[in-house]
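# Breakdown of the fold
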Amino acid sequence: MNQVNEYSLLNETTRNEFLTDLYEISAFLDQREKEWQQSGKGGGLGVMLLDAENRSLELRQFDAEKISKMKAAIEDVLSSLTLEENRRALTLKSSLRALHRMVKSLEEKKYAAERL
């Protein structure tokens, strides 16, 4: 089978690093979302961190709604990449050994079904 590009999601190491990064981004956005909610309730650190006067220009463009949308998009990607069917397909595409195991398993099931 063709050698898998090290930067492709077919490469297990790259895929795992990518998933780890997505989980970290999701946790970061979750924390920012909670801080926004606390700031709306007049609460502590959220107000200090998210006060418009204290935020940089880049951070001022984000509000609770944008953070929620980004978090939902990240969670959609995570859900898609971790779906069992997709995980299996990526494994079969990137591993000749896994493909051979699947073929053997299907042949055994076919043989068992024919005997019935």
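Everything numeric here is computed off the predicted structure, so don't read it as measured data.

## A few points about the environment of Lys69
Relative to the elements of secondary structure, Lys69 occurs in helix H4 (residues 64–82). For Lys69, a relative accessible area of 55% gives the class exposed. Considered as a pair, Lys69 and Leu29 are 40 residues apart in the sequence and their alpha carbons are 9.8 Å apart.

## Some details on the nonpolar core
Listed in full, the eight residues of the largest apolar core are Leu19, Leu22, Leu29, Trp36, Ile67, Ile74, Leu78 and Leu81. Looking at this core, the elements that each hand over two or more residues are helix H1 (12–40) and H4. Not counting residues within four places of it along the chain, the set of residues in contact with Leu19 comprises Leu78, Leu81 and Thr82.

## Section: a nonpolar patch on the surface
Taken together, the side chains of Leu9, Phe18 and Val77 make up a nonpolar region of the molecular surface, amounting to roughly 210 Å² of accessible area. Mapped onto the elements, Leu9 comes out in the segment before H1.

## A look at the pattern of salt bridges
Under the defined criterion, the tally for this structure stands at seven salt bridges. One salt bridge in this structure joins Lys71 and Glu33, with 3.4 Å as the shortest N-O distance. Remark: Glu33 occurs in helix H1 and Lys71 occurs in helix H4; sequence separation between them is 38 residues. For the pair Lys71 and Glu33, a shared accessibility class is recorded, and that class is buried. Between Lys71 and Glu75 there is a salt bridge, and its shortest N-O distance comes to 3.8 Å. Here Lys71 and its partner Glu75 are both found in helix H4, four residues apart, which amounts to about one turn of the helix. Three or more residues joined by partner-sharing salt bridges are found here, namely Asp30, Glu33, Lys34, Lys71 and Glu75.

Calculation notes
- Residues numbered from 1 in each chain as written.
- Predicted model: local features only at pLDDT ≥ 70, side-chain atom pairs only at ≥ 80, totals over all residues.
- Heavy atoms only, no water.
- Helix = DSSP H or I, 4+ residues; strand = E, 2+ residues; numbered from the N terminus.
- Buried < 20%, exposed > 50% of the residue type's maximum accessible area, 1.4 Å probe, protein only.
- Core = buried A, V, L, I, M, F, W, Y, C linked by side-chain atoms within 4.5 Å.
- Contact = heavy atoms within 4.5 Å.
- Patch = residues over 30% accessible without salt bridge, like charges linked within 9 Å, V, L, I, M, F, W, Y side chains within 5 Å.
- Areas by Shrake-Rupley, 256 points an atom, 1.4 Å probe, with all protein chains shown as cover.
- Salt bridge = Lys/Arg side-chain N within 4 Å of Asp/Glu carboxyl O.

No statement about biological role is implied by the geometric values presented.
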